[in-house]
Amino acid sequence: MTRADLLALTPDALAALANRGLVKRAAKDLDAGNGPEITVAPDGGVEGRYPDGTAAALPAGAGLEAATCTCAATGTCRHQICLVLAYQRGAAGAAGADAPAEEPATAEVTGWTPGALDDDALAAVLGRRALTAARRTHRAGYSAAIHRPTPDDPVARVELQTCTVRFLVPGELGYVHTDAVASVRAEMTVLAAWAFRAADERGLTGADVRLDVGGDGRGADGSGGLGAAARLVDQVLLEGAVHAGPVLATALRRTAAELAARNLHWPAGAVGDLAGQLAAYHDRDAAHDPARFAALIAEVHARHRASAAGGTRSQVLGTDESAETPLRRVRLTALGCRVAGTDRVRTADLFLAHAGTGVVLVLKRHWNVPDGEALTGADLAGRRILGSPLRTLAAANVVSESASRSAGRVVRVAAGRIAKTTVTPLGNAWEGLPAGLLVRDLKAEERALDALPPRLVRPRVEAELVRAVEIAEVRDVGYHPGAQRLEAVVADAAGATAVVSAEHGPYRPAALDALAAALADAPRMVTGAVHRDRGGLVIDPFAVLTASGAVVPDLAPGDGAAVLDGPSAAPPDPLGDAVRAALDVCAEAAHRGLLHATPGLRDRIARTGDDLRRTGLRAAAGALAALAGTLGSDDPDRIAEAWATAHIRLLTTAELR
């Protein structure tokens, strides 16, 4: 009997299933007379024995992956490819010159659609588990671009969010090629076949068609496709930054754009940042942070769950935010600056209070770092922004008629209209800020933070908790050399305290020296981002208003060589230590990929769960135990769900402290 599947394999199809080098070498061996002696079994199996004694076999009803060979190569080898080519040449010779096999084969290819494969046929080759996983995605809805076979391009293919699926041989699932990771290849093949089926049912017969499949046009979760985005993020989590390829990063960027187009600004931002983290890892960029990578994955899941549970969609998803809002004539008050970046790029975030709306906006700038230059905050201080040096702008009043703000509270000044922006001295502008931005009562600010929803589901805006804090007294200042961190206990007029905590940054070497000097110069106010930690209020400082004027530590000149006093002894914090250790091990699991977790990592997760239980955090301990129990199982969805539950709880626990 004739094997139509082998006859349909073109050199390009063989190259996709193996590689082009193997195909060329196999063809060269065949041309040199080193091809196999072919035997066709009654069931259609093809065997070939080579002159050197090597034997290869292509079983009937199976793809090239089921082929065997007695040579030492692992995976597909040149003997298997050569056997296919030899079989094709033999069949062509038997057909004769007057009845070429290619013409009916071409007609069959161009008239075939993968939508003709029913679910039983899919399950027989790909397994019921693949169909079960695909149905979840189908219920949420997904987008696909299909290409029907044509004489010029005879391979049916589907472009999904995360991969491309190519049906190389009509009707044969054993010859499907996809660039999806191994854990989801079968599921992606099912989704691709269903995309063709949906197009067939709708009468979309064009050669190239894009369509939405399943769902209700908004996603089964009612959140405009956020369920599909969560599924994509799960693939990143299962593979980890270490194993996720560029296809996933591209899919994340495309998904972020789609979410933003649906006005789902907050999850769009998280997915976009996750794509940036993947790109940074593969570029060996210092911007990659495993803890940040894990937190972004948890954020997407938290927003999806909150939306599905009936949370306020405008707050959880950002649906009511305009992509960009013109500010017309606006007066802004600078609250300092943060210098950061990587070895290649230096960034400066300028924080600007908009008293009229009671929010803080961020003006962002970045500069490429020339080879051999340090480009510290002091170097950037003289760079001109809006017509003024950065050192001046970071502590000044700004009036602009050409500003606009994004949904994430990033402010932009239109190019070419800088003349309509004026910069004036700061004066006492901080003291005139509205109550939401000016903190005079530290206890009241703590209560306000306690009343907020968890950060993972709050509006995803820049500088959300940047405040100007009035200081009545500086009590204890000390430098922690191990952590390279300066901390100072400050008090308000009522005696309530907070901790000003600043870490050393390589691109702002003199910041800690300048901060220590400012705290010793009768400080009146400090601006910075506030958060809860270690049972109290912590301020990450951006600027300090002293008796001598405003100080912006990140822009201060110097090399950081000043001698700083040591801190007072810190009390032990077993609860905080246990939570931090649990966050670290969960982040490591996400970084490596849950499908690649080692037994040692599972043991560490279990031990951190035991530590949490001993500190009294029983719910968090249970979530860690559930994660440790699912790792290594054959249910990727269950593993990802357990990780998300554990990490969301841990991040929220850490925040509430």
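Quick look at the structure, then. From a predicted model like this one, the values you see are computed outputs, not experimental measurements. (Residues numbered from 1 in each chain as written. Predicted model: local features only at pLDDT ≥ 70, side-chain atom pairs only at ≥ 80, totals over all residues. Heavy atoms only, no water.)

**Observations concerning the overall build of the chain**
Then comes step 1: Of the regular secondary structure elements, the chain holds 21 helices and 25 strands.
Then comes step 2: Expressed as lengths along the three principal axes of its C-alpha atoms, the size of the chain is roughly 100 × 60 × 55 Å.
Then comes step 3: Looking at the chain residue by residue over its 657 residues, the buried ones come to 50%.
Then comes step 4: For the chain, the exposed surface amounts to about 28800 Å²; the carbon and sulfur share of it is 51%. (Helix = DSSP H or I, 4+ residues; strand = E, 2+ residues; numbered from the N terminus. Buried < 20%, exposed > 50% of the residue type's maximum accessible area, 1.4 Å probe, protein only. Areas by Shrake-Rupley, 256 points an atom, 1.4 Å probe, with all protein chains shown as cover.)

**Some points on the side chain of Thr376**
Then comes step 1: Tracing the chain through its elements places Thr376 in the loop between β12 (359-368) and α14 (377-380).
Then comes step 2: Excluding anything up to four places from it in sequence, Thr376 contacts Tyr507 and Pro509. (Contact = heavy atoms within 4.5 Å.)

**Concerning unusual backbone geometry**
Then comes step 1: In this model, Gln484 sits at a positive phi of 50°, which is unusual for a non-glycine residue.
Then comes step 2: Note that Gln484 resides in the loop between β20 (473-480) and β21 (485-491).
Then comes step 3: Its relative accessible area of 39% is what places Gln484 among the partly exposed residues.
Then comes step 4: Even without being a glycine, Ala522 presents a positive backbone phi close to 45°.
Then comes step 5: With respect to the secondary-structure elements, Ala522 resides in the loop between α17 (511-519) and β23 (525-533).

**Focus: helix α20 (residues 618-630)**
The periodicity of an α-helix, 3.6 residues per turn, causes residues three or four positions apart to be oriented the same way.
Then comes step 1: Over its 13 residues, α20 extends 18 Å from the first C-alpha to the last, a length consistent with the 18 Å expected when each residue adds 1.5 Å.
Then comes step 2: Positive phi appears at Gly632, one or two residues downstream of α20, with a value of about 90°. (Expected span 1.5 Å × (residues − 1).)

**Regarding the nonpolar core**
Then comes step 1: Core analysis: the largest hydrophobic core is formed by 66 residues, its most contacted members being Leu252, Ile605, Leu612 and Trp643.
Then comes step 2: Counting residues in hydrophobic clusters, the runner-up holds 48 residues, among them Leu390, Val411, Ala468 and Val552. (Core = buried A, V, L, I, M, F, W, Y, C linked by side-chain atoms within 4.5 Å.)

**What to know about the packing of aromatic side chains**
Then comes step 1: All told, the structure shown has 3 aromatic pairs when counted by the stated rule.
Then comes step 2: With a centroid separation of 6.4 Å and an interplanar angle of 85°, the aromatic rings of Phe167 and Phe196 are classed as edge-to-face. Of this pair, Phe167 sits in strand β7 (residues 164-167) while Phe196 sits in helix α8 (residues 185-201); the two residues are 29 residues apart in sequence, bridging distant segments of the chain.
Then comes step 3: Residue classification places Phe196 among the buried residues on the basis of a relative accessible area of 0%.
Then comes step 4: Both rings, one in Phe351 and one in Phe542, keep their centres 4.2 Å apart while their planes meet at 5°; by these two values the pair is stacked. Here Phe542 lies in strand β24 (residues 536-546) and Phe351 lies in strand β11 (residues 345-354), a separation of 191 residues in the sequence. Take Phe351 and Phe542: they sit in the same class, and that class is buried.
Then comes step 5: Between Arg284 and the ring centre of Tyr281, over which it is positioned, the NZ or CZ distance is 5.2 Å.
Then comes step 6: Here the guanidinium or amino end of Arg346 rests over the ring plane of Tyr507, the centre of that ring lying 3.7 Å away. (Phe/Tyr/Trp six-rings, centres within 6.5 Å; stacked < 30°, edge-to-face > 60°. Lys NZ or Arg CZ within 6 Å of the ring centre and 35° of its normal.)

**Thoughts on the sheet that holds strand β3 (residues 55-58)**
Then comes step 1: Pairing is antiparallel in the open sheet, where 4 strands are placed in the order β1-β2-β3-β4. Two strands close off the open sheet at either side, each with one partner strand: β1 (37-40) and β4 (68-69).
Then comes step 2: Two strands pair when backbone bridges link them, and β3 and β4 are joined in this way by 2 bridges, in the antiparallel orientation. Looking at the pairing, Ala57 lines up with Thr68 of β4. (Pairing = 2+ DSSP bridges.)

**Focus: the environment of Pro36**
Then comes step 1: Tracing the backbone shows Pro36 in the loop between α3 (20-31) and β1.
Then comes step 2: Here the alpha-carbon distance between Pro36 and Tyr50, two residues 14 residues apart in the chain, equals 4.4 Å.
Then comes step 3: Here Pro36 is in contact with Leu30, Gly48, Arg49, Tyr50, Cys82, Leu83 and Ala86, once residues within four sequence places are set aside.

**Remarks on the pattern of salt bridges**
Then comes step 1: Overall, the coordinates contain 33 salt bridges when judged by the stated rule.
Then comes step 2: Close ionic contact of Asp637 with Arg136 constitutes a salt bridge, the shortest N to O distance being 1.9 Å. With Asp637 in helix α21 (residues 636-656) and Arg136 in helix α7 (residues 128-140), this pair connects stretches of sequence that are 501 residues apart.
Then comes step 3: Across the pair Glu299 and Arg303 runs a salt bridge, and its minimum N-O distance is 3.0 Å. You can see Glu299 and its partner Arg303 sitting in helix α12 (residues 290-308), 4 residues apart, about one turn around the helix.
Then comes step 4: For Glu299, a relative accessible area of 4% gives the class buried.
Then comes step 5: A network of salt bridges, in which partner residues are shared, links Asp273, Arg292, Glu299, Arg303 and Arg460. (Salt bridge = Lys/Arg side-chain N within 4 Å of Asp/Glu carboxyl O.)

**Some words on α3**
Then comes step 1: The end-to-end C-alpha distance of α3, which contains 12 residues, comes to 17 Å, matching closely the 16 Å that a straight helix rising 1.5 Å per residue would cover.
Then comes step 2: For α3, every residue scored as buried is listed here: Leu22, Val23, Ala26, Asp29 and Leu30. Take α3 and look down its axis: the buried residues cluster within an arc of 125°, on one side only. For α3, the exposed residues set more than 90 degrees away from the buried face come down to Lys24, Lys28 and Asp31.
Then comes step 3: Just past α3, the residue Gly33 takes up positive phi, approximately 85°. (Arc of directions from axis to C-beta.)

**Some remarks on the sheet that holds strand β8 (residues 176-178)**
Then comes step 1: Sheet architecture is open: 5 strands sit in the order β8-β7-β6-β5-β9, paired in antiparallel fashion. In this open sheet, the two edge strands, each paired with only one partner strand, are β8 and β9 (208-213). The mean inter-strand angle of the sheet, taken between neighbouring strand axes irrespective of direction, is 20°.
Then comes step 2: In the sheet, strand β6 (residues 156-159) pairs with β7 via 4 bridges, with the strands oriented antiparallel. Each residue of the ladder has a partner; that of Glu159, found in β7, is Thr164.
Then comes step 3: Strands β5 (142-147), β6, β7, β8 and β9 of the sheet are contacted by α8, whose axis makes an angle of about 75° with β5. (Axes fitted to C-alpha atoms, helices over the stretch in contact; angles between N-to-C directions.)

These values are about where atoms sit, not about what they do.
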